[in-house]
Amino acid sequence: MKVFVTYRIPEIGLRELKKRFEVFVNEKDELLKKEEIIELARDADALITLLADTIDREVIDNLKNLKIIANYAVGYNNIDVDYAKQKGILVTNTPDVLTETTADLAWALLLSVARRIVEADKFVREGKFKGWRPELLLGDDVFGKTLGVIGFGRIGQAVAKRALGFNMKVLYYSRTRKSEELERRLNATYVSLEELLKSSDFITIHTPLTKETYHLIDRKEFEIMKDGSYLINTSRGPVVNEKELVNALKSGKIKGAALDVFENEPEVTSELLQMDNVVLAPHIGSASVETREKMALMVVENVIAALDGLRPPNLVPELKLS
Ligand code: NAP
Ligand code: GLV
Ligand code: GLV
């Protein structure tokens, strides 16, 4: 059986795969275009994809032998899951193994933007550091402030857990309210989105990208936000209207933003590149050596199960229902 991998993943995963199957890996440093995936993976039984590969009807219709699309990511908005399901093709993702790593990154961004770490680093490198000064690079305190978590799933909760150490008040908004036991353990209060926007000093987004969450944070939501608050986004770019984010930063409505994801990745709205109160990262939420290896093993485990005719352990929720 044939497995097509759209981009190199850590060797540890590929090694396992090669023991069992004929494996074709795109060795180029660039993402494949849709037509290239269709051409190169034409007779593949399994497809291992990155979050930037668009796997739509056209791709699915052209890969006649396909049994599984195994995404090397937890988010799977790049795949037309409904259509895959209709065609009897399995779709899997890589949950859990990247939760803590991504939560760490969200916190790294939060602290960086609040304490102006990127500006400070640049300042030192440019030889501007002339000694301690009472009012040099003043930021905002994080300790004791209010954190608003939008999307209280695995990563959102892991971010909230870290806030306990910062003695923060945690508000959360999610599709479904969590158990009282969990709320107590994380010292988190369920509120409406409006209440969260109004009351939080730091807002961090952890929903998936779906029809419902597209532009969840738009002009109206920025207007409701507390003056001088900060926005951190490590979910998916299109959850935030990036134009409105620029407007909110320009007007001073919000004081800063820290972004790991962008609306038109890998493009970044040019104004953001000019702003010192914005911290930017190139979608590195799960980027630790350990986690990327675990994701590679997980993706392979799913492919092996599917090609052995078994139920893969990490079917996406839409497929688990059936
Ligand atoms: P998860 O456990 O499924 O959590 C997502 C949460 O969002 C769930 O609690 C979910 O609903 C809630 N939600 C869904 N739709 C909503 C809506 N319309 N309004 C409000 N809340 C909604 O997923 P996860 O593992 O934490 O990952 C979350 C997302 O992070 C992924 O989908 C991915 O896009 C992104 N991600 C990014 C990186 C990165 O590198 N930056 C790394 C990993 C993941 P309930 O309230 O019903 O539970
Ligand atoms: C990364 O963004 C992921 O969804 O795993
Ligand atoms: C700062 O370095 C201080 O000692 O207050």
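Residues numbered from 1 in each chain as written. Chains lettered and ligands numbered in written order. Predicted model: local features only at pLDDT ≥ 70, side-chain atom pairs only at ≥ 80, totals over all residues. Heavy atoms only, no water.

A. Structural view of the site of ligand 2. All residues in the neighbourhood of ligand 2 are listed as Leu-51, Ala-73, Val-74, Gly-75, Leu-98, Arg-236 and His-283. Val-74 is positioned such that a nitrogen or oxygen atom in its backbone is 2.7 Å from an oxygen atom of ligand 2. One nitrogen or oxygen atom from the side chain of His-283 is found 2.6 Å from an oxygen atom belonging to ligand 2. Protein contacts shield 87% of the accessible area of ligand 2, which totals 190 Å² for the unbound molecule. By residue class, the composition of the shell around ligand 2 is four nonpolar, two polar and one charged. (Near = heavy atom within 4 Å. Polar contact = N/O pair within 3.5 Å; in protein donor to acceptor, adjacent residues only side chain to side chain. Areas by Shrake-Rupley, 256 points an atom, 1.4 Å probe, with all protein chains shown as cover. Nonpolar A, V, L, I, M, F, W, Y, C, P; charged D, E, K, R; others polar.)

B. Molecular detail of the sheet that holds strand β8 (residues 188–190). Here we have seven strands laid out as an open sheet, ordered β8-β7-β6-β9-β10-β11-β12, and parallel in their pairing. Each of the sheet's edge strands pairs with one partner strand only, and the pair in question is β8 and β12 (278–280). Between one strand axis and the next, the sheet turns by 20° as a mean value, whatever way the strands run. Pairing geometry for strand β6 (residues 146–150) and strand β9 (residues 202–205), over four bridges, is parallel. Bridge pairing in β9 places Leu-147 opposite Phe-202. (Pairing = 2+ DSSP bridges. Helix = DSSP H or I, 4+ residues; strand = E, 2+ residues; numbered from the N terminus. Axes fitted to C-alpha atoms, helices over the stretch in contact; angles between N-to-C directions.)

C. View of the site of ligand 1. The full set close to ligand 1 counts 27 residues, and Ile-155, Ser-174, Thr-176, Lys-178 and Asp-260 are the nearest of them. Arg-175 places a polar side-chain atom, nitrogen or oxygen, 3.0 Å from an oxygen atom of ligand 1. Between ligand 1 and Lys-178 there is a distance of 2.6 Å, counted from an oxygen atom to a side-chain nitrogen or oxygen. When isolated, ligand 1 has an accessible area of 930 Å², and the protein chains bury 89% of it. Tallied by class, the residues present in the shell around ligand 1 amount to seven nonpolar, 14 polar and six charged.

D. Region of interest: the domain arrangement of the protein chain. Under the domain assignment, the protein chain is made up of domain 1 (2–95 + 288–320) and domain 2 (99–280). Of note, the centres of domain 1 and domain 2, computed from C-alpha atoms alone, are 31 Å apart. Across the domain 1 to domain 2 interface the summed buried area is about 540 Å²; carbon plus sulfur atoms make up 49%. Three residues stand out in domain 1 for area buried against domain 2, namely Leu-51, Asn-77 and Pro-95, and they jointly supply 61% of the buried area on that side. The interface formed by domain 1 and domain 2 includes zero salt bridges. Summed over the shared surface of domain 1 and domain 2, the number is two residue pairs in polar contact (both at pLDDT 80 or more). Here the side of domain 1 that touches domain 2 is composed, by residue class, of three nonpolar, four polar and no charged. (Domains from an automatic or database assignment. Buried area = accessible area lost by both parts, 1.4 Å probe. Salt bridge = Lys/Arg side-chain N within 4 Å of Asp/Glu carboxyl O.)

E. A look at the packing of aromatic side chains. Using the criterion set out here, one finds four aromatic pairs in the structure. Ring plane angle 55° and centroid distance 5.2 Å describe the contact between Tyr-172 and Tyr-190, whose orientation is recorded as tilted. Separated by 18 residues along the polypeptide, Tyr-172 in strand β7 (residues 169–173) and Tyr-190 in strand β8 bring together distant segments of the chain. Residue Tyr-190 is classed as partly exposed on the basis of its relative accessible area, which comes to 29%. Taking the centre distance of 5.0 Å and the plane angle of 10° together, the rings of Phe-202 and Tyr-230 count as stacked. Here Phe-202 is found in strand β9, whereas its partner Tyr-230 is found in strand β10 (residues 229–233), with 28 residues between them in sequence. Of the two residues, Phe-202 and Tyr-230, both sit in the buried class. Aromatic ring contacts, followed pair by pair, group Phe-152, Tyr-172 and Tyr-190 into a single cluster. Between Arg-8 and the ring centre of Tyr-7, over which it is positioned, the NZ or CZ distance is 5.9 Å. (Phe/Tyr/Trp six-rings, centres within 6.5 Å; stacked < 30°, edge-to-face > 60°. Buried < 20%, exposed > 50% of the residue type's maximum accessible area, 1.4 Å probe, protein only. Lys NZ or Arg CZ within 6 Å of the ring centre and 35° of its normal.)

F. Local environment of the side chain of Arg-236. Here Arg-236 is to be found in the loop between β10 and α11 (242–250). In this structure Arg-236 is buried but unpaired, with Glu-265 as the nearest side chain of opposite charge at 6.6 Å. At 3.0 Å, the side chain of Arg-236 and the side chain of Asn-77 are in polar contact. With residues up to four places along the chain from it excluded, the contact list for Arg-236 reads Leu-51, Gly-75, Asn-77, Leu-209, Val-261 and His-283. (Lys, Arg positive; Asp, Glu negative; His and termini not counted. Contact = heavy atoms within 4.5 Å.)

G. Inspection of the pairing of β6 at higher detail. Counting buried positions along β6 yields five of five residues, so the element is predominantly enclosed. Taken together, the five bridges between β6 and β7 define a ladder with parallel strand orientation. Of the residues in β7, the one forming a bridge with Ile-150 is Tyr-173. Traced from β6 through helix α7 (residues 154–164) to β7, the parallel crossover comes out right-handed. (Right-handed = clockwise from strand over helix to strand, strands pointing away.)

H. Unusual backbone geometry, seen in detail. A cis amide bond links Glu-265 with the next residue in sequence, Pro-266, at an omega value of 5°. Along the polypeptide, Pro-266 turns up in the loop between β11 (254–259) and α12 (270–274). Positive phi is not limited to glycine here, since Asn-187 has a value of about 50°. If you trace the backbone, Asn-187 turns up in the loop between α8 (180–186) and β8. The class of Asn-187 is partly exposed, set by a relative accessible area of 47%.

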